[in-house]
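Secondary and tertiary structure notes
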Amino acid sequence: MLSEHARRPASVIIEPIARTLQKAHVSPNAVTLGGTVAAVVLALWLIPTGHHFAAAVLIGLTTALDMVDGTMARMAGGGTKFGATLDATCDRVTDGAIFGALAFWFALDAESHPVLLALTLTILVAGQVTSYVKARAEASDLPVDGGLIERPERLIISLVALGLSGLGVPYVLWVGLWLLGLGSVFTVIQRLVMASRSDASTDHIAAPAGAREF
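The name given to the chain in an unreviewed UniProt entry is Phosphatidylinositol phosphate synthase, and the organism recorded there is Corynebacterium urealyticum. Checking UniProt for the chain, the heading Sequence similarities (unreviewed entry) contains the comment "Belongs to the CDP-alcohol phosphatidyltransferase class-I family." UniProt, in its Subunit (unreviewed entry) section for the chain, records the words "Homodimer."

Another aspect to go through is the nonpolar core. Among soluble globular proteins, nonpolar side chains are generally buried collectively. Within the largest apolar cluster, 26 residues are counted, with the highest numbers of intra-cluster contacts made by Ile-47, Ile-59, Ile-98, Leu-102, Phe-106 and Leu-177. It is helix α5 (residues 81-108) that contributes the most residues to this core, 7 residues altogether. Ignoring any residue separated from it by four or fewer positions in sequence, one finds Phe-106 in contact with Ser-112, Leu-116, Leu-117, Thr-120, Leu-173 and Leu-177. Residues Ala-18, Val-31, Val-68 and Met-72 belong to the second largest nonpolar core, which totals 5 residues.

Attention now moves to the environment of Ile-157. Note that Ile-157 resides in helix α7 (residues 151-166). Counting along the chain gives 106 residues from Ile-157 to His-51, while the straight-line C-alpha distance between them is 17 Å.

Scanning all chains against the criterion turns up 8 salt bridges. Across the salt bridge formed by Arg-154 and Asp-95, the nearest N and O atoms sit 3.3 Å from each other. Separated by 59 residues along the polypeptide, Arg-154 in helix α7 and Asp-95 in helix α5 bring together distant segments of the chain. Overall, Arg-154 belongs to the buried group, its relative accessible area being 3%. Taking relative accessible area as the criterion, Asp-95 reaches 3% and is therefore assigned buried. In this structure, Arg-191 engages Glu-150 in a salt bridge whose closest nitrogen and oxygen atoms are separated by 3.0 Å. On the criterion of sequence distance, the pair formed by Arg-191 in helix α8 (residues 172-196) and Glu-150 in the loop between α6 (114-139) and α7 is long-range, its members being 41 residues apart. Residues Arg-191 and Glu-150 agree in their burial class; the two are buried.

Secondary-structure assignment places Thr-20 in helix α1 (residues 3-23). Owing to a relative accessible area of 53%, Thr-20 belongs among the exposed residues under this scheme. Note: C-alpha distance between Thr-20 and Met-72 (52 residues apart in sequence) is 9.7 Å.

Two elements in contact, α5 and α7, have axes whose closest approach is 12 Å; the angle formed by their N-to-C orientations is 30 degrees. When the axis of α5 is compared with that of α7, the two are roughly parallel. Between α5 and α7 lies a crossing whose hand is left-handed. The residues of α7 that touch α5, namely those facing Asp-91, Arg-92, Thr-94, Asp-95, Ile-98, Phe-99 and Leu-102, are Arg-151, Arg-154, Leu-155, Ser-158 and Leu-162. Of the residues in the contact of α5 with α7, the class split is 5 nonpolar, 2 polar and 5 charged.

Calculation criteria
- Residues numbered from 1 in each chain as written.
- Predicted model: local features only at pLDDT ≥ 70, side-chain atom pairs only at ≥ 80, totals over all residues.
- Heavy atoms only, no water.
- UniProt positions renumbered as here; feature names shortened; annotations may be inferred.
- Core = buried A, V, L, I, M, F, W, Y, C linked by side-chain atoms within 4.5 Å.
- Buried < 20%, exposed > 50% of the residue type's maximum accessible area, 1.4 Å probe, protein only.
- Helix = DSSP H or I, 4+ residues; strand = E, 2+ residues; numbered from the N terminus.
- Contact = heavy atoms within 4.5 Å.
- Salt bridge = Lys/Arg side-chain N within 4 Å of Asp/Glu carboxyl O.
- Axes fitted to C-alpha atoms, helices over the stretch in contact; angles between N-to-C directions.
- Parallel < 35°, antiparallel > 145°, perpendicular 65-115°, else oblique.
- Left-handed = near helix turned anticlockwise from the far one by under 90°.
- Nonpolar A, V, L, I, M, F, W, Y, C, P; charged D, E, K, R; others polar.

Below, the structure written as structure tokens:
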């Protein structure tokens with residue numbers, strides 16, 4: 001939802017960084033991997049130890065590299081199929097680290113409400129399924145575009161709520177997690193509905209290798 005609208009204003013900052021990295025002969029795939037490693041380390045280090053404001057700021061900066069590598073690929077004449085696969089895989093790893101670390105913190109914190117842990121696990125699973133539905137549908141030529149809570153929304157809401165919570169703002173993490181939990185489940189259903197309404201949704205598929213045909 002936000003990705004297309006955010007890309008243009010962010011390009012003022014992202015494009016000079018991308019050009020500098022290109023001149024230094026850094027590949028887009030290296031930027032993807034570097035940003036992922038940094039985000040995972042920061043999430044697993046800062047979130048379980050309660051440094052939530054620092055985690056929100058620093059993880060936000062590292063995940064911005066997700067736009068840098070794409071910009072670099074476009075400047076080089078277009079990305080590769082492997083680059084797109086690597087980027088999508090690293091996105092899932094980063095999201096898993098962020099929400100996994102948050103769930104771990106809730107599990108360790110005796111004062112946290114069990115609902116917060118349940119919401120975090122719901123977001124973790126629903127976020128992965130949201131991406132899988134799109135990938136699986138498009139592999140079957142079923143167009144699935146957009147959705148209420150895509151990755152940019154998930155990162156923005158979670159990191160803003162986490163950062164404000166780290167500054168002592170009451171109930172902001174509750175609100176953020178409820179929004180993401182409900183919105184993420186809705187997005188899974190929304191994308192399945194999109195796929196079901198495609199003209200190709202009722203096309204038959206080939207049986208798996210070795211399966212008995214009737």
